[in-house]
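Observations on the three-dimensional arrangement
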Amino acid sequence: MSAIVLDGKALSKKSESDLAERVKKIKSINNERAPILATILVGDDPASATYVKMKQNACKRIGMESIAIEMPTTTSTRELLTKIDELNTNKDCHGILLQHPVPSQIDERRCFDHIAIEKDVDGVTCHGFGRMVMQLDAYGSATPQGIMRMLENYQIDPAGKYAVVVGRSAILGKPMSAMLLNANATVTICHSKTINLDKIIKQADILVGAVGRPEFIKSDWIKSGAVVIDAGYHPGGYGDIEASNLSDIASAFTPVPGGVGPMTINTLIQQTVISAEKSLLQNKK
Ligand code: NAP
């Protein structure tokens, strides 16, 4: 079997040209003012700084602007909440990205939940999560939402399929499972206490690896013909799923890098453009 490569890089590039057109249109009816994403980076973690830079660059590529906020490692919860308050009330800002993780003295959940729902373009608030689960209008958490967009683009319909998600984090495993369930898959969520992980994975028609450990899921655990989504990214270009033989085992798989990563960023900027479009419509009313 020669599997389809789910090419997130190509797909995000294609989406960027559509988004650039939408940004042009927004500017033309909004006194040349572009949508703005505010990025908040707290501390000096080099990987986080790189991710934020990549998101700002993606904004630039489509003609959008970003406000880059950098706060020191010693920032308190109160100081971060005050900064989020400022951005919540800034009419020119359409989306807020608080880069995860923040330093340990900060109550990250409280800060995420302080982001106004209409600016939660990274899909991190409990409010947005609840609305997404209930299939109400909400911005999905960027990584799983990007994965759903990729499946849709390759016409992979989860309906009736058995999906296994390995990982249950708030930003990835949990929303991923809910999105697959909403798309009518039968879903099992696995985590560090799961027994017989390999046997559960062996049944998956759709497998999502979101474990955070390089090549933790072995290729011989995977069912022939499965759709394999690897959300992991580790130094050296490893994902959470062993990459060797995947093109012979899977019917489709995401490469690492170039699969889920570009779709995450693209989804963040797409949701910011949608937020700007909605705010223009609101102002017209
Ligand atoms: P996380 O918060 O560390 O969560 C990891 C999950 O894996 C937890 O739910 C944990 O279970 C589970 N797990 C750990 N060891 C396990 C084991 N032995 N067996 C089964 N499950 C196990 O990580 P995350 O933020 O969700 O990220 C997951 C991966 O996605 C990472 O590789 C990260 O780099 C990547 N990621 C990529 C993007 C992107 O844009 N491409 C964005 C975000 C994250 P417990 O809950 O029981 O501890």
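Here's a quick rundown of the structure.

Quick look at the packing of aromatic side chains now. Summed over all chains, the structure comprises one aromatic pair. A ring pair is formed by Phe 216 and Trp 221, whose centres lie 6.2 Å apart and whose planes are at 90°; its orientation type is edge-to-face.

Each strand in a sheet pairs with another by means of backbone hydrogen bonds, the pair being arranged parallel or else antiparallel. Taken in spatial order, the six strands line up as S1-S9-S8-S7-S5-S6 in an open sheet, and their pairing is parallel. The open sheet is flanked by strand S1 (4-5) and strand S6 (186-190), the only strands paired with a single partner. For S1 and strand S9 (residues 252-253), the ladder comprises two bridges, and the chain directions are parallel. Residue pairing for S9: Ile 4 is matched across the bridge by Ala 252. In the packing of helix H7 (residues 173-182) onto the sheet, the strands contacted are strand S5 (162-166), S6 and strand S7 (206-209), and the crossing angle to S5 comes to about 170°.

Evaluation of the coordinates by the stated rule reveals nine salt bridges. The closest approach of N and O atoms between Lys 24 and Glu 21, which form a salt bridge, is 3.5 Å. Taken together, the positions of Lys 24 and Glu 21, both in helix H1 (residues 8-29) and three residues apart, correspond to about one turn of that helix. On the accessibility criterion, Lys 24 (55% relative accessible area) is exposed. By relative accessible area, Glu 21 is classed as partly exposed at 48%.

Mapping Tyr 139 onto the fold places it in the loop between helix H5 (126-133) and helix H6 (142-153). Accessibility expressed as a relative area gives 11% for Tyr 139, which makes it buried. Along the backbone, Tyr 139 and Ile 156 are 17 residues apart, and their C-alpha atoms lie at a distance of 21 Å. Excluding anything up to four places from it in sequence, Tyr 139 contacts Ile 117, Glu 118, Asp 120, Val 121, Gly 123, Gln 271, Ile 274, Ser 275 and Lys 278. Within polar-contact distance, the side chain of Tyr 139 engages the backbone nitrogen of Ser 275 at 3.4 Å.

The next subject is the site of the ligand. Around the ligand, the surrounding shell holds 23 residues, and the nearest of these are Arg 168, Ser 169, Ser 192, Ala 231 and Thr 264. Within the side chain of Ser 192, a nitrogen or oxygen atom sits 2.5 Å from an oxygen atom of the ligand. Contacts to the ligand include Thr 264, whose side-chain N or O atom sits 3.0 Å from an oxygen atom. In isolation the ligand exposes 920 Å². Once the protein is present, 71% of that is buried. Considering only residue class, the shell around the ligand consists of 10 nonpolar, 10 polar and three charged.

A few words now on unusual backbone geometry. A cis amide bond links His 100 to the next residue, Pro 101, at an omega of 0°. You can see Pro 101 is positioned in the loop between strand S4 (95-98) and helix H4 (108-114). For the peptide bond that leads from Val 256 to Pro 257, omega is -5°, which places it in the cis range. Relative to the helices and strands, Pro 257 resides in the loop between S9 and helix H10 (260-284). Of note in this structure, Glu 32 is not a glycine but carries a positive phi near 65°. As for its position among the elements, Glu 32 is in the loop between H1 and strand S2 (36-42). A residue is classified by how much of its surface remains accessible, and Glu 32, at 55% relative accessible area, is exposed. Positive phi values are uncommon outside glycine, yet Glu 215 reaches one of about 45°.

What counts as what
- Residues numbered from 1 in each chain as written.
- Predicted model: local features only at pLDDT ≥ 70, side-chain atom pairs only at ≥ 80, totals over all residues.
- Heavy atoms only, no water.
- Phe/Tyr/Trp six-rings, centres within 6.5 Å; stacked < 30°, edge-to-face > 60°.
- Pairing = 2+ DSSP bridges.
- Helix = DSSP H or I, 4+ residues; strand = E, 2+ residues; numbered from the N terminus.
- Contact = heavy atoms within 4.5 Å.
- Axes fitted to C-alpha atoms, helices over the stretch in contact; angles between N-to-C directions.
- Salt bridge = Lys/Arg side-chain N within 4 Å of Asp/Glu carboxyl O.
- Buried < 20%, exposed > 50% of the residue type's maximum accessible area, 1.4 Å probe, protein only.
- Polar contact = N/O pair within 3.5 Å; in protein donor to acceptor, adjacent residues only side chain to side chain.
- Near = heavy atom within 4 Å.
- Areas by Shrake-Rupley, 256 points an atom, 1.4 Å probe, with all protein chains shown as cover.
- Nonpolar A, V, L, I, M, F, W, Y, C, P; charged D, E, K, R; others polar.

Just distances and angles here, no functional claims.
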